[in-house]
Amino acid sequence: MSTESVDPPGGESLPARAEPTQVFQPDPAQLRTPQAESVAPPGVEPESTAGPDAADLLLPVDDGPRINATPDGGGDGVNRCTRCGASEVTYDPKTAMFRCGFCRYEWQEEGLDAAMKLSEGISGLKGTTMSTAAVDIEDDGALVTLHCSGCGSDVVIDTTHNLQARCHWCKHHLSLNNRVPNGAVPDGILPFTVTKEQAMANIRAFVEERKSFAKAEFSSVFAAENVMGVYLPHMTVDGNVAARLDGVGEILEARVRVGDNQTQYRIRRFSLLRTFRVAIDDVVVSSSFDKVNIRSEISTNNIINAILPFDVKNLKRFNSNYLGDQFTSERRDMDISEAESYAGDHFLTIARASAASTIGSYDRGVRWEAEQVQIEGSRWTSALLPVWLYGYVEQKKGVEITHYIAVNGRSGSTMGSVPINTGKAALVSWSVAIGLSIVTWPMAIAVLLAS
Amino acid sequence: MSDSGNNTVAIAGFLFLSGPIAGAAVYRAIQAKYRNRGARYMPERDVAREVADMVVKDEFVGRHTVSNSMITGRNDHSPAVRAPFSKVTKT
């Protein structure tokens, strides 16, 4: 077969061309927050208008991990009002503020994005950069002893379930705010702004729309009041990546009728190559082994995954006062080395989507046969993200399947899995099939007899 | 068989299958609405990014006559489904 270079489908005269920088912004509605802030990524200037040669894209470069220091937290021990020093501090999701129960002073923690410049310099990232609390977890056990500065006693906190406890003697709240080697304390936290009442209303509405075929056991025990506010461990990841895509594209030239019933298509086929760089701002990856597998057969983890994104630009420096009495947290148990394959998968997805604007003229579509990204630099920050979670365990053929209904604790976005009464669903489906067949089969027989 | 005979068989086949297909479609619709198995995080939609140094190389391979209305194995609309060869490397 002869090979010739022709004008590409866009009509421009090239075998190769460099395109200007393109900026993609997510839909702001997806990132709705009470304190809307800009989510614009930093400006990235292309290094050259000609672009890299495809062969240059996958050259290895050696660079060690770096630590991006997280600002100091509020200190461990008694939580005190920053104005009067009282220890009756609570977090109010309605206002997204801390409130002193004694002097009524209200305040907010500092934003992590600006303090750590987490939106800057993505296109210049080299090697792995991680925030202070995103470093590898050391197996130091889950129990941490805190010294109460109120009465002098020692109080033990089980960090698997909580980062806050009350002194048994003087009743002061004691908190763990700074990094501990077991990964329990993150760099940042995105506080709840959706209240329990709003979450319950969303979950009720979600279930109400699905009550016709819901399993009877589920419907009988369903109580939206049992929803739990949980801070789940995640990593936010910035990436400076080089991408290469190879594929085949086709353009229709003409339709040709063959006989009465068959159509054939005359096409032009092209071999496609795309190389480019992408600065990726804030991919979110779960850092819990229990939740990261979204194809689990025993847990509908994809539901929790589907309520993303979160407005991680509004991350606050971690303070366990955000947990208070009404929220719990889960401890991170994955290191960056274990989470990076998931981030890499997201980078591939983003790379593929980034090439979409260059293939619009292939009206018969494109088949990408090879996709490669080289992560030249990445920046990791550990964070707790707020989720209202309702769980139901279904017994199915001796296997327990956990169904979740999840509400994004910032945007209110709701997704869920409701166990199905499969017998009822099958009955209705068969009824539709039989009912329609009662009408169509005599017609089919009549058509055959008439021919 | 003549063309009109082919037409008759096609129409009769459609009528025979329409009931079972509708039943299967109802069952799938219930599964989709209740279980949401396909729900997932969509970084291609939700994550801010900046693309630079895009190099486009389109090389004509040839003219062909085919019977499919779309390219075989089309995957440009499903960026989260991995291509046959997929690789992530780190510097």
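The shown structure was predicted, so the numbers you read here are calculated from the model rather than taken from an experiment.

> Please give an account of the overall build of chain A that cites residues and values.
Looking only at helices and strands, chain A features seven helices and 20 strands. Within chain A, buried positions represent 44% of all 451 residues. Pairs at least 24 residues apart make up 75% of the contacts formed inside chain A by residues separated by at least 6 positions.

> Give me the lowdown on the overall build of chain B, citing residues and values where you can.
Scanning chain B from terminus to terminus reveals two helices and two strands. Each helix and strand of chain B, placed in order from N terminus to C terminus, yields the pattern α-α-β-β. Whereas a compact globule of 91 residues would reach a radius of gyration of roughly 12 Å, chain B reaches 22 Å, over 25% beyond that. In terms of its C-alpha atoms, chain B occupies a principal-axis envelope of roughly 60 × 45 × 20 Å. Burial status across chain B gives 27% buried among its 91 residues.

> Kindly report on the sheet that holds strand β7 (residues 106-107) of chain A, identifying the contributing residues and their values.
Residues and elements named next belong to chain A. One open sheet holds the three strands; their spatial order is β5-β6-β7, and the pairing between them is antiparallel. The open sheet is flanked by β5 (89-92) and β7, the only strands paired with a single partner. Pairing between strand β6 (residues 97-100) and β7: two bridges, direction antiparallel. Residue pairing across strands places R99 opposite E106, the latter belonging to β7.

> Explain the nonpolar core to me, and be specific about the residues and the numbers.
Formed by 99 residues in total, the largest nonpolar core has its most connected members in V241, V278, F347, A351, V387 and A406 of chain A. Among the elements that line this core, the one with the most residues is strand β18 (residues 366-396) of chain A, at 12 residues. The residues touching F347 of chain A, leaving out its near neighbours within four places in the chain, are G239, V241, I280, V373 and I375 of chain A together with V88 of chain B.

> Quick rundown of the interface of chain A and chain B? Include the residues and the values.
Listed per partner, the contact involves 112 residues of chain A and 71 residues of chain B. Residue contributions to the side of chain A that touches chain B peak at 20 residues, all from strand β15 (residues 262-286) of chain A. Judged from the three bridges that link them, strand β2 (residues 22-24) of chain A and strand β1 (residues 48-66) of chain B form a sheet pairing that is antiparallel. Bridging across to β1 of chain B, F24 of chain A finds its partner in R49 of chain B.

> I'd like to hear about the environment of R244 of chain A, residue by residue, with values.
Along the chain, the position of R244 of chain A falls in strand β14 (residues 228-258). For the pair formed by R244 of chain A and A351 of chain A, sequence separation is 107 residues and the distance between their alpha carbons is 8.3 Å.

> So what's going on with the pairing of β1 of chain B? Which residues, and what values?
As paired elements, β15 of chain A and β1 of chain B share 16 bridges and run antiparallel to each other. Considered in β1 of chain B, the bridge of I280 of chain A is made with R49 of chain B.

> Outline the environment of I71 of chain B, supporting the account with residue identities and numerical values.
Within the fold, I71 of chain B resides in the loop between β1 and β2 (85-90). Taking the C-alpha atoms as reference points, I71 of chain B and G23 of chain B, separated by 48 residues in sequence, lie 30 Å from one another. If we skip the residues at most four places from it in the chain, I71 of chain B touches V248, E250, R364, G365, V366 and R367 of chain A.

> For the confidence of the model for chain A, give the residues involved together with the corresponding values.
When pLDDT is averaged along chain A, the result is 83; 80% of the residues meet or exceed 70. Across residues 1-15 of chain A, confidence stays below pLDDT 50; counting only partners more than four residues off in sequence or on other chains, it has 19 contacts.

> Can you lay out the confidence of the model for chain B for me, pointing to particular residues and giving the numbers?
The pLDDT averaged across chain B works out to 93; a share of 95% of its residues lies at or above 70. Both scores are given for the predicted complex: the pTM is 0.83, the ipTM 0.89.

> A description of helix α7 (residues 422-450) of chain A should follow, citing residues and the corresponding values.
Along an α-helix, residues three or four positions apart point the same way, because every turn accommodates 3.6 residues. Residue and element names in this part refer to chain A. With 29 residues, α7 should cover 42 Å at 1.5 Å per step; its first-to-last C-alpha distance of 41 Å lies within 8% of that length. Remark: the principal bend of α7, roughly 35°, maps to I438, with a proline, P442, within the next four residues. Within α7, the full set of buried residues consists of S429, A433 and A444.

> Could you give me a rundown of unusual backbone geometry, with the residues and numbers involved?
Residue and element names in this part refer to chain A. Looking along the chain, the bond that leaves L308 and enters P309 is cis, with omega of 15°. Within the secondary structure, P309 is located in the loop between α5 (301-306) and β16 (316-317). Not every positive phi belongs to a glycine, and R104 is a case in point at roughly 65°. Mapped onto the fold, R104 is located in the loop between β6 and β7. Phi is positive for K117, close to 55°, though the residue is something other than glycine.

> If you had to explain helix α2 (residues 196-208) of chain A to someone new, which residues and values would you point to?
Between its first and last C-alpha, α2 of chain A extends 18 Å over 13 residues, near the 18 Å set by a 1.5 Å rise per residue. Buried residues belonging to α2 of chain A abut β18, β19 (399-408) and β20 (414-416) of chain A.

> Report on the environment of D154 of chain A, specifying residues and quantitative values.
Residue position: D154 of chain A is located in strand β10 (residues 154-158). Apart from the residues within four sequence positions on either side, D154 of chain A is in contact with T145 and H147 of chain A.

What counts and what doesn't
- Residues numbered from 1 in each chain as written.
- Chains lettered and ligands numbered in written order.
- Predicted model: local features only at pLDDT ≥ 70, side-chain atom pairs only at ≥ 80, totals over all residues.
- Helix = DSSP H or I, 4+ residues; strand = E, 2+ residues; numbered from the N terminus.
- Buried ≥ 20, exposed ≤ 12 C-beta atoms within 10 Å, placed from the backbone.
- Contact = placed C-beta atoms within 7 Å.
- Rg over C-alpha atoms; globule rule 2.2 N^0.38 Å.
- Pairing = 2+ DSSP bridges.
- Core = buried A, V, L, I, M, F, W, Y, C linked by C-beta atoms within 7 Å.
- pLDDT = per-residue confidence, 0-100.
- Expected span 1.5 Å × (residues − 1).
- Bend = angle between axes of the 7 residues up to and from the residue.

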